[in-house]
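Fold and geometry: a report
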Amino acid sequence: MKHQYSISSFSVFILFLHCTNTFAQTPAASPAQAPAAVVAQPPAATPTQAAAPHGITNVTKILEKAGHFTIFIRLLRSTQEENHLFSALNDSSSGLTIFAPTDSAFSMLKSGTLNTLSDGDKSELVKFHVVPTFLSASQFQTVTNPLGTWAGTGSRLPLNVTSYPNSVNITTGLTNTSLSGTVYTDNQLAIYKIEKVLLPKDIFAPNAPAPAPVQAPAREKPTKAVPAANAESPVAIVDISSSVTFMQNSVVGPVVIVAAAMFAL
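The notes below deal with the structure included here.

Reading guide: rules and limits
- Residues numbered from 1 in each chain as written.
- Predicted model: local features only at pLDDT ≥ 70, side-chain atom pairs only at ≥ 80, totals over all residues.
- Heavy atoms only, no water.
- Pairing = 2+ DSSP bridges.
- Helix = DSSP H or I, 4+ residues; strand = E, 2+ residues; numbered from the N terminus.
- Buried < 20%, exposed > 50% of the residue type's maximum accessible area, 1.4 Å probe, protein only.
- Polar contact = N/O pair within 3.5 Å; in protein donor to acceptor, adjacent residues only side chain to side chain.
- Contact = heavy atoms within 4.5 Å.
- Phe/Tyr/Trp six-rings, centres within 6.5 Å; stacked < 30°, edge-to-face > 60°.
- Salt bridge = Lys/Arg side-chain N within 4 Å of Asp/Glu carboxyl O.

The strands making up a sheet associate through backbone hydrogen bonding, with each pair oriented either parallel or antiparallel. Pairing is mixed in the open sheet, where six strands are placed in the order E2-E1-E6-E5-E4-E3. Bordering the open sheet on either side are strand E2 (130-131) and strand E3 (160-164), each of which pairs with just one other strand. Direction of pairing for strand E5 (residues 176-185) relative to strand E6 (residues 189-194): antiparallel, over a ladder of five bridges. Bridging from a neighbouring strand, Leu179 pairs with Ile194 of E6.

Attention now goes to the side chain of His129. With respect to the element layout, His129 can be found in the loop between helix H6 (119-127) and E2. Given a relative accessible area of 1%, His129 falls into the buried group. One polar contact links the side chain of His129 to the main-chain amide nitrogen of Leu198, over a distance of 3.1 Å. Once residues lying within four places of it in the same chain are set aside, the contact partners of His129 are Phe72, Thr97, Ile98, Phe99, Pro101, Ile194, Val197 and Leu198.

Under the definition given, this model contains three aromatic pairs. Arranged with centres 6.3 Å apart and planes meeting at 35 degrees, the rings of Phe99 and Phe140 form a pair that is tilted. With a gap of 41 residues between them, Phe99 in strand E1 (residues 96-101) and Phe140 in the loop between E2 and E3 connect regions that are remote in the sequence. Assigned by exposure class, Phe99 and Phe140 land together as buried. Where Phe140 meets Tyr192, the ring centres are 5.5 Å apart and the plane angle is 65 degrees; that geometry is what we call edge-to-face.

Right, let's get into the pattern of salt bridges. Counted under the stated rule, the structure contains three salt bridges. Linking Glu64 and Arg77 is a salt bridge whose minimum nitrogen-to-oxygen distance equals 2.7 Å. Taken as a pair, Glu64 in helix H2 (residues 59-66) and Arg77 in helix H3 (residues 70-78) lie far apart in primary sequence, 13 residues in all. Using a relative accessible area of 38% as the deciding quantity, one classes Glu64 as partly exposed. On the basis of relative accessibility, which here comes to 37%, the residue Arg77 falls in the partly exposed class. For Arg77, the salt bridge identified is with Glu82, shortest N-O distance 3.8 Å. Residue class for Glu82 comes out partly exposed when judged on its relative accessible area of 24%.

None of the figures reported here should be taken as evidence of function without further support.
Here you go:
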């Protein structure tokens, strides 16, 4: 019994040494590392997306969202002025101001008016509603008339603005209207609603006829001068020789008779 106990103790001792050696050879666990941070990458721009570092504003999208600008939007697209607006807002630092006529404004035009315009006239009509600078509502009080537009300046393209305490009036010489509301405004773009289409004289007013060339007065044919009547210069020369002869023949006889009678007395 005592011998068996010694063998068991020895076995336990050997097992203890083996376990100690095993634990000594096991490498220490490395310290736990925090998971690597995942950096979200911005999505790459697709070919249909223009790089817009300043957040380019889409004019037609604004008008579509506001509603009641269907005809003006159609003109912007058909004349390619939609692209012109996008480029100007991307490149210009002065901003833009747009006077946007509503569909009811276009309905006030004579039927078929837009159909009679050439593509160039349609483009000019759209440009006449765009001012190449940002104008807030308060800045209308200090603008200098006439305003320049994308269509140009001059006596055929006048655009005058008059600010009142509660309204802003716009005149073109053919159109007289007022701003009826603000569709959109930020520090770069202002879109104002108007209830009449701004008609430029250059398209809708007939040009004054050119003056006729000055003609030299026709030369009159010279006329013979008629001498004035006076005592020394008779008006006309009349041949009276035959009358004198007749008078001589008629008077001589009676004269002789009268003279003879006087001598008889």
